[in-house]
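# Overview (structure and organization)
Chain by chain, the residues run as shown.
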Amino acid sequence: MMNSIISCLEEKHKKLWGAHTVKLRHELAQSDLFTDAGIAKLIDQLPHGRIAINTMSPGIPNRDSWSYCDRGTAPGADILEIVKRGRLWINMTRLETVDQRFEELLEAMFKEFEDFFSDFKTFKRSIGLLVSSPSAQVFYHADVPGQTLWQLRGRKRIFIYPAQAPFLQPREIENVVRAITEEEMEYRAWYDEYAEVHELEAGDMLHWKLNGPHRVVNLDTLNVSLTTEHYTTAIRRNYAMNYGNGVLRELGFSPRSRHLKGPAFWGKVALTALCRSLPLHTERSFKRVVKFRIAPKTETGLVPL
């Protein structure tokens, strides 16, 4: 493991972190973890539940075209070749649970952050790997935990939107938190007028405000990126508030408070704990619908189901 992972941390970042987008440099791009051979081995190693393979239409964002693909029996090397010539987006999650090297990397990353930001204490961390085709894209969505994107290979453009209405509606983030929907939300082309736009290349790292809606467009190269997720006490409280508000809304109430303290907030914490303990929480969760299967010998690398 290298001595230092994150470059260019300055005093100003202590005031910006968590409230604004912060772009830094890192030293991971040359690691042999992310060569073609390393990626192919990781694809082979991961259980099916830890790897999502998606395809999408080219051109303008079209959420209806976002489709899950069954990896079948294709080896990782063949899948990677399809990524290079096709239009796939592969999301490999919780790598720290299957490979000790990623566990050590995750620990080292957050140690540097927490050593620098004295009040940044995290838990429930995870690390994932994104491998995606030239010109592939991920449509408008928001994530629940804190997010950081580490570009390793290729170039991509990321659009980050304000984490407030109209770009982020309370009902939408509540449904994402409750796992009723899979991160998606309404998008309008004019939102781009209000977006921060960042182009990332190997060695760039980007961290943005919690729940900030964003979308990603790859440029004309294969892209490989790490993602890290984390929770803090404030993020966990934000989760409980959104979850509780979502339940109240479904029961016919119109929750107005988004406060993270006080009697009403603690009532939502209790409501969240109760609802998550019920079977209905799992039964109503978003389920993947697989529409394609990986087929290395075909022209596109996919066959419809």
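In this report, the structure presented in the accompanying data block is examined. Since the structure is predicted, the reported quantities are computational estimates derived from the model, not experimental observations.

Along the protein chain, the regular secondary structure elements total 8 helices and 15 strands. Its C-alpha atoms give the protein chain a radius of gyration of 20 Å, near enough to 19 Å, the size a compact globule of 305 residues would have. Counting only C-alpha atoms and orienting by the principal axes, one finds that the protein chain spans roughly 60 × 50 × 40 Å. Going through the 305 residues of the protein chain one by one, you find that 48% of them count as buried. Expressed as a percentage of contacts within the protein chain between residues at least 6 apart in sequence, the contacts between residues at least 24 apart total 81%. Accessible surface computed for the protein chain: about 15,100 Å², of which carbon and sulfur atoms make up 53%. Both charge centroids of the protein chain, one from 41 positive and one from 37 negative side chains, sit 5 Å from each other.

Strands sit in the order E1-E2-E11-E8-E13-E6-E5-E3-E4-E14-E15 across an open sheet of 11 strands; the sheet is mixed. Only two strands of the sheet have a single partner each, and these edge strands are strand E1 (6-7) and strand E15 (302-304). Here strand E8 (residues 146-153) runs beside strand E13 (residues 223-231); their pairing, made up of 7 bridges, is antiparallel. When the sheet's bridge partners are listed, Thr148 is paired in E13 with Thr228. With respect to the sheet, helix H3 (residues 76-85) is in contact with strand E5 (88-92), strand E6 (123-132) and strand E14 (290-294), its orientation differing from that of E5 by roughly 135 degrees.

Turning our attention to the nonpolar core. Counting residues in each nonpolar core, the largest one holds 45 residues, and the members touching the most others are Met92, Leu129, Val131 and Leu226. Among the elements that make up this core, the one with the highest residue count is helix H4 (residues 100-116) (8 residues). Sequence-distant contacts of Met92, that is, excluding residues within four places in its chain, are made with Ile39, Leu42, Ile43, Leu46, Arg50, Ile51, Gly128, Leu129 and Val131. Grouped together as the second largest cluster of nonpolar side chains are 19 residues, Leu168, Val176, Tyr191 and Cys275 included.

With that out of the way, let us pick up helix H7 (residues 263-276). For H7, spanning 14 residues, the distance from its first C-alpha to its last is 20 Å, which sits close to the expected 20 Å at 1.5 Å a residue. Among the residues of H7, those classed as buried are Phe265, Lys268, Thr272 and Cys275. End-on view of H7: buried residues confined to an arc of 85 degrees, all on one side of the axis. Turned more than 90 degrees away from the buried face of H7 sit Pro263 and Ala273, all of them exposed.

With that settled, the discussion passes to the sheet that holds strand E12 (residues 214-218). Pairing is antiparallel across the open sheet formed by 4 strands, whose spatial order is E7-E12-E9-E10. The open sheet is flanked by strand E7 (137-141) and strand E10 (196-200), the only strands paired with a single partner. Geometrically, the sheet is characterised by an average inter-axis angle of 15 degrees between neighbouring strands, direction not taken into account. Direction of pairing for strand E9 (residues 156-160) relative to E12: antiparallel, over a ladder of 5 bridges.

On to H3, then. In an α-helix, one turn spans 3.6 residues, which is why side chains three or four residues apart end up on the same side. Turning to H3, its buried residues are Gly76, Ile79, Leu80, Ile82 and Val83. The buried side chains of H3 occupy one side of the element, clustering within an arc of 155 degrees when seen end-on. Of the surrounding elements, those touching the buried residues of H3 are helix H2 (36-45), E5, E6 and E14.

Attention shifts here to the packing of aromatic side chains. Applying the stated criterion across every chain, the model contains 24 aromatic pairs. Taking the centre distance of 5.3 Å and the plane angle of 40 degrees together, the rings of Tyr140 and Tyr187 count as tilted. Here Tyr140 is found in strand E7, whereas its partner Tyr187 is found in the loop between helix H5 (170-177) and E10, with 47 residues between them in sequence. On the numbers, 6.0 Å between centres and 35 degrees between planes, the contact of Tyr239 with Tyr243 is tilted. Pair noted here: Tyr239 and Tyr243 are both in helix H6 (residues 233-250), with a separation of 4 residues, about one helical turn. There is no split in this pair, since Tyr239 and Tyr243 are both buried. Members of the aromatic cluster, connected to one another through ring pairs, are Trp17, Phe110, Phe113, Phe116, Phe117, Phe120 and Trp150. Positioned above the aromatic ring of Tyr231, the side-chain terminus of Lys124 is 5.0 Å from the ring centre. Here the basic side chain of Arg215 rests over the ring of Phe159, its NZ or CZ set 4.1 Å away from the ring centre.

Criteria and thresholds
Residues numbered from 1 in each chain as written. Predicted model: local features only at pLDDT ≥ 70, side-chain atom pairs only at ≥ 80, totals over all residues. Heavy atoms only, no water. Helix = DSSP H or I, 4+ residues; strand = E, 2+ residues; numbered from the N terminus. Rg over C-alpha atoms; globule rule 2.2 N^0.38 Å. Buried < 20%, exposed > 50% of the residue type's maximum accessible area, 1.4 Å probe, protein only. Contact = heavy atoms within 4.5 Å. Areas by Shrake-Rupley, 256 points an atom, 1.4 Å probe, with all protein chains shown as cover. Lys, Arg positive; Asp, Glu negative; His and termini not counted. Charge placed at Lys NZ, Arg CZ, Asp CG, Glu CD. Pairing = 2+ DSSP bridges. Axes fitted to C-alpha atoms, helices over the stretch in contact; angles between N-to-C directions. Core = buried A, V, L, I, M, F, W, Y, C linked by side-chain atoms within 4.5 Å. Expected span 1.5 Å × (residues − 1). Arc of directions from axis to C-beta. Phe/Tyr/Trp six-rings, centres within 6.5 Å; stacked < 30°, edge-to-face > 60°. Lys NZ or Arg CZ within 6 Å of the ring centre and 35° of its normal.

Geometry only, nothing functional implied.
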